[in-house]
Each structure stands twice: as C-alpha cells, then as structure tokens.
Amino acid sequence: MKLLKILLVFCLMLPYAAHCQEEIKPEYAPGRERHRNKIDELGQKQGTWKTFNSLGQLISEVEYVNDVK
C-alpha cells in the first residue's frame, strides 16, 4: 500500500518535472528544421543554439553550458 502511494505521488509530480527545461524553435528556422534551443529552469541557455537569418540559412551554431559559450 505504501508503495502504491509513492507511485501515485511520483505520477502526479512527473508533469511538473517535465517543464523544467524549455525548448524554443529558433527564429527564422526553416520549416523542416527540427532543432530546438534549450533554456533551463533558471533561464540559462544550455546545449547547442542555432541562429538563422531571415532567408532560413544557418548563421551560427554555438554550444552553451549554464549560459556561457
């Protein structure tokens, strides 16, 4: 019974944990581009960030860790 309660609490908390990191499609990215820029729960950039010009061409690709290049 105690295990069932723990499992229930875990299942209820799971959606909140999933929203800790936000993924944003880069501005001007072409429709077929599947990459997403990531921001953590503190608002810091994480991972590879891609930047596109208004024609949809890749301008830069920068790696971030805790908002630092």
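Everything discussed here concerns the structure shown above.
Residues numbered from 1 in each chain as written. Predicted model: local features only at pLDDT ≥ 70, side-chain atom pairs only at ≥ 80, totals over all residues. Heavy atoms only, no water.

1. Notes on the side chain of Asn37
Thought 1: Looking at the secondary structure, you find Asn37 in strand E2 (residues 37–39).
Thought 2: Classification of Asn37 as buried rests on a relative accessible area of 5%.
Thought 3: In terms of polar contacts, Asn37 uses its side chain to reach the backbone amide nitrogen of Lys50, at 3.0 Å.
Thought 4: Dropping the residues within four chain positions of it, Asn37 is found in contact with Glu22, Glu23, Ile24, Pro26, Thr48, Trp49 and Lys50. (Helix = DSSP H or I, 4+ residues; strand = E, 2+ residues; numbered from the N terminus. Buried < 20%, exposed > 50% of the residue type's maximum accessible area, 1.4 Å probe, protein only. Polar contact = N/O pair within 3.5 Å; in protein donor to acceptor, adjacent residues only side chain to side chain. Contact = heavy atoms within 4.5 Å.)

2. Side note on the pattern of salt bridges
Thought 1: Within this structure, the stated rule accounts for one salt bridge.
Thought 2: Close ionic contact of Glu33 with Lys50 constitutes a salt bridge, the shortest N to O distance being 3.5 Å. Within this pair, whereas Glu33 is found in the loop between strand E1 (22–24) and E2, its partner Lys50 is found in strand E3 (residues 45–52), the two being separated by 17 residues in sequence. Assigned by exposure class, Glu33 and Lys50 land together as buried. (Salt bridge = Lys/Arg side-chain N within 4 Å of Asp/Glu carboxyl O.)

Read these as geometric descriptors, not functional statements.
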